[in-house]
Amino acid sequence: MKIVNFIKESYVEFKDHVTWPNSTTLQKDTITVTIATVVLAIFLYLVDSAFANILYSIYETLR
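In this text the structure is predicted, and so the values were computed from the model without any measurement.

What counts, and at which threshold
Residues numbered from 1 in each chain as written. Predicted model: local features only at pLDDT ≥ 70, side-chain atom pairs only at ≥ 80, totals over all residues. Heavy atoms only, no water. Helix = DSSP H or I, 4+ residues; strand = E, 2+ residues; numbered from the N terminus. Rg over C-alpha atoms; globule rule 2.2 N^0.38 Å. Areas by Shrake-Rupley, 256 points an atom, 1.4 Å probe, with all protein chains shown as cover. Lys, Arg positive; Asp, Glu negative; His and termini not counted. Charge placed at Lys NZ, Arg CZ, Asp CG, Glu CD. Patch = residues over 30% accessible without salt bridge, like charges linked within 9 Å, V, L, I, M, F, W, Y side chains within 5 Å. Salt bridge = Lys/Arg side-chain N within 4 Å of Asp/Glu carboxyl O. Phe/Tyr/Trp six-rings, centres within 6.5 Å; stacked < 30°, edge-to-face > 60°. Buried < 20%, exposed > 50% of the residue type's maximum accessible area, 1.4 Å probe, protein only. Polar contact = N/O pair within 3.5 Å; in protein donor to acceptor, adjacent residues only side chain to side chain.

Trainee: What should I look at first to understand the overall build of the chain in this one?
Mentor: Secondary structure assignment for the chain yields two helices and zero strands. Its C-alpha atoms give the chain a radius of gyration of 24 Å, clearly above 11 Å, the size a compact globule of 63 residues would have. Referenced to the eigenvectors of the C-alpha coordinate spread, the extents of the chain come out at roughly 65 × 35 × 10 Å. A total of about 6300 Å² of accessible surface is found on the chain, and carbon and sulfur atoms cover 70% of it. Here the chain holds 5 positive side-chain charges and 6 negative ones, and the gap between their average locations is 7 Å.

Okay, structure coming up:
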């Protein structure tokens, strides 16, 4: 019965007490997260490429 009670209380909490964002705010936040994700992906790609080139240079030197 604890699980059923938890689900009921969670439903009431989401329905009555949570403040949901309006569509304008939601759209702005989605765009912000998308841009941040793309920038982070590009940054990680560049760092990974740099390390790969450094390690390749070291490997070729030791060869």
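Still more to cover.
Trainee: Explain a nonpolar patch on the surface to me, please; I cannot follow it from the model alone.
Mentor: Residues Phe51, Ile54, Leu55, Ile58 and Leu62 make up a contiguous nonpolar surface patch of about 550 Å² in total accessible area. Note on placement: Ile58 falls in helix H2 (residues 23–62).

Trainee: Would you mind showing me how to read the packing of aromatic side chains here?
Mentor: Each aromatic ring pair is characterised by the separation of its centres together with the angle its planes make. One pass over the structure, following the stated rule, counts one aromatic pair. Geometrically, the ring pair formed by Phe14 and Trp20 is stacked, given 6.1 Å between the ring centres and 25° between the ring planes.

Trainee: Looking at this model, I keep getting lost on the pattern of salt bridges. Mind explaining?
Mentor: Between side chains of opposite charge, a pair can form when the charged atoms approach closely. Applying the stated criterion across every chain, the model contains one salt bridge. When the shortest N-O distance is used, the salt bridge between Arg63 and Glu60 registers 3.4 Å. Residue Arg63 is classed as exposed on the basis of its relative accessible area of 69%.

Trainee: Would you take a moment to explain the environment of Asn22 for this structure?
Mentor: Tracing the backbone through its elements, the reader meets Asn22 in the loop between helix H1 (2–17) and H2. Here the side chain of Asn22 touches Thr25 through a polar contact of 2.8 Å, side chain to side chain.

By themselves these figures say nothing about function.
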